[in-house]
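Coordinate inspection notes
Below are the chains, spelled out letter by letter.
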Amino acid sequence: MRTTQVATDVTTQVSTEETTGAGLARPYVTEARRIVVKVGSSSLTTASGGLDADRVDALVDVLAKVRSGGEREIVLVSSGAIAAGLAPLGLTRRPKDLARQQAAASVGQGLLVARYTASFARYGVRVGQVLLTTDDTSRRAHYRNAYRTLDQLLAMGALPVVNENDTVATDEIRFGDNDRLAALVAHLVRADLLVLLSDVDGLYDGDPAKPGTTRIARVTGPEDIAHVEIGTAGKAGVGTGGMVTKVEAARIAAAAGIPVVLTSASRAADALAGRDTGTYFHRTGRRSADRLLWLAHASTPQGSLTLDDGAVHAVVEGKKSLLAAGVSGVEGDFVAGDPVELRDLDGRAVARGLVNFDAKELPRMLGRSTHALAAELGPEYEREVVHRDDLVVIH
């Protein structure tokens, strides 16, 4: 188990080396103690569906070796549940409707975890399954529970295998792709590094299938790849992502202070050894308040509140809670605890937060002080519409 001092020392070292370029090409990779590795469906399964045992074992061989010394911890975010369930259910391609996706996930998730359990058992490594939805991680109590579960699994020497809970997730509470989930899990577990593995060996300045394109070895910020045309999901049709979702995941993680290596599953060993493979995304920001990253990137607003100019300034510049006095309009059908978008008078989204009242309660509260509301409606109305601890500004 790593210590806070180790994490602090690594952060200090990286800040210097990423700036000066001294030492190894990717020193932070070799110094990382807690690593989140995400692998895509196309790297684990056949195009027609079904797990490829050799591919799974090859990945497990690499990950088991990385953690064998006891100094490094691995959290594996694995796609493949839906893809693994296709062939057993007689499906030739990933279905587009949610109900059949959930059915395939229900069959495939058990097969996927069983395969990982058997493969890691060759090295005496225990596997723990963790299934998440956005609702598990944007609400405060659920977020703490998710962190405690993952942290305890690591403390007990187990390797968590994380996936979206496709069997029960609805369109409103889905991450949509495991690349974004991996970036958010990396932040949740306070990882030192995120490694995104797929069937492409890095980000290129054009279509990698065409001659004349070049691998982009490192990205120091969004401006480095502003000119790059990024592709979508591949031909296999078993996944949901593509390079677009991987670059977005890398952007989320890098902005949260976590460097990222993006490469192919076949080069996982080189990537984790710090060798010059794939694309290395340097950190562009610092770690933020844990749960707010999930609120910004994983929640789906169930409605919106329109704020007057004074409230916009208080929320965005003053980092204040949103009070009823500053709300001039309500849209949507939401209940207390749901995420909502906060908009200015021109309709631009300026923030996102978890609302403390139902949509049907708010119209009679608009523009009124908390003191007046408490006097007329009771003390339970003398509180914020959105508390600042449940609010994130959108830049």
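These remarks concern the structure in this document. (Residues numbered from 1 in each chain as written. Predicted model: local features only at pLDDT ≥ 70, side-chain atom pairs only at ≥ 80, totals over all residues. Heavy atoms only, no water.)

**Description of the overall build of the protein chain**
Assigned secondary structure in the protein chain consists of 13 helices and 13 strands. Per-residue burial for the protein chain yields a buried fraction of 51% across its 395 residues. Long-range contacts, defined here as pairs at least 24 residues apart, represent 72% of the contacts in the protein chain between residues at least 6 apart. Of the roughly 17400 Å² of accessible surface on the protein chain, a fraction of 50% belongs to carbon and sulfur atoms. (Helix = DSSP H or I, 4+ residues; strand = E, 2+ residues; numbered from the N terminus. Buried < 20%, exposed > 50% of the residue type's maximum accessible area, 1.4 Å probe, protein only. Contact = heavy atoms within 4.5 Å. Areas by Shrake-Rupley, 256 points an atom, 1.4 Å probe, with all protein chains shown as cover.)

**Quick look at the sheet that holds strand β3 (residues 127-132)**
Reading across from one edge, β3-β4-β2-β1-β5-β7-β8-β6 is the order of the 8 strands in this open sheet, with mixed pairing throughout. In this open sheet, the two edge strands, each paired with only one partner strand, are β3 and β6 (218-219). In this structure, β6 lies alongside strand β8 (residues 279-281), joined through 2 bridges in parallel fashion. Counted as the bridge partner of Val219 is Phe281 from β8. The sheet strands contacting helix α3 (residues 53-66) are β1 (34-39), β2 (73-78) and β5 (193-198), and the helix crosses β2 at an angle near 155°. (Pairing = 2+ DSSP bridges. Axes fitted to C-alpha atoms, helices over the stretch in contact; angles between N-to-C directions.)

**Section: the packing of aromatic side chains**
Within the structure shown, the criterion is met by 2 aromatic pairs. Summarising the aromatic geometry, the rings of Tyr116 and Phe120 are spaced 6.3 Å apart at their centres and angled 35° between planes, so their arrangement reads as tilted. With a gap of 4 residues between them, Tyr116 and Phe120 both fall in helix α5 (residues 98-121), about one helical turn apart. Exposure remark for Phe120: the relative accessible area of 0% places this residue in the buried category. Residue placement shows Arg283 over the ring face of Tyr28; its charged tip is 5.7 Å from the ring centre. Just above the ring of Phe357 sits the side chain of Arg383; from NZ or CZ to the centre is 4.3 Å. (Phe/Tyr/Trp six-rings, centres within 6.5 Å; stacked < 30°, edge-to-face > 60°. Lys NZ or Arg CZ within 6 Å of the ring centre and 35° of its normal.)

**A closer look at the side chain of Glu361**
With respect to the helices, strands and loops of the structure, Glu361 is situated in the loop between β12 (349-354) and α13 (370-377). Buried and unpaired, Glu361 has Arg364 as its nearest opposite-charge partner, separated by 5.1 Å. Reaching out from Glu361, the side chain makes a polar contact with the backbone nitrogen of Asp358 at a distance of 2.8 Å. (Lys, Arg positive; Asp, Glu negative; His and termini not counted. Salt bridge = Lys/Arg side-chain N within 4 Å of Asp/Glu carboxyl O. Polar contact = N/O pair within 3.5 Å; in protein donor to acceptor, adjacent residues only side chain to side chain.)

**Digging into the side chain of Arg352**
Within the element layout of this structure, Arg352 appears in strand β12. It is Glu341 that comes nearest to the buried, bridge-free Arg352 among opposite-charge side chains, at 4.1 Å. A polar contact is formed between the side chain of Arg352 and the backbone oxygen of Ala296, at a distance of 3.2 Å.

**Concerning the pairing of β2**
With 6 of its 6 residues buried, β2 lies for the most part within the structure. The side-chain alternation of β2 yields two buried faces, one formed by Glu73, Val75 and Val77 and the other by Ile74, Leu76 and Ser78. Taken together, the 6 bridges between β1 and β2 define a ladder with parallel strand orientation. Bridge pairing in β2 links Val37 to Leu76.

**Quick word on the environment of Glu341**
Along the polypeptide, Glu341 turns up in strand β11 (residues 339-343). Note on Glu341: relative accessible area 15%, which makes it buried. Between the alpha carbons of Glu341 and Val355 there is a distance of 9.4 Å; along the sequence they are 14 residues apart. Filtering out sequence-adjacent residues up to four positions away, Glu341 remains in contact with Pro301, Gly303, Ser304, Leu305, Ala349, Ala351 and Arg352. At a separation of 3.1 Å, a polar atom in the side chain of Glu341 contacts the side chain of Arg343.

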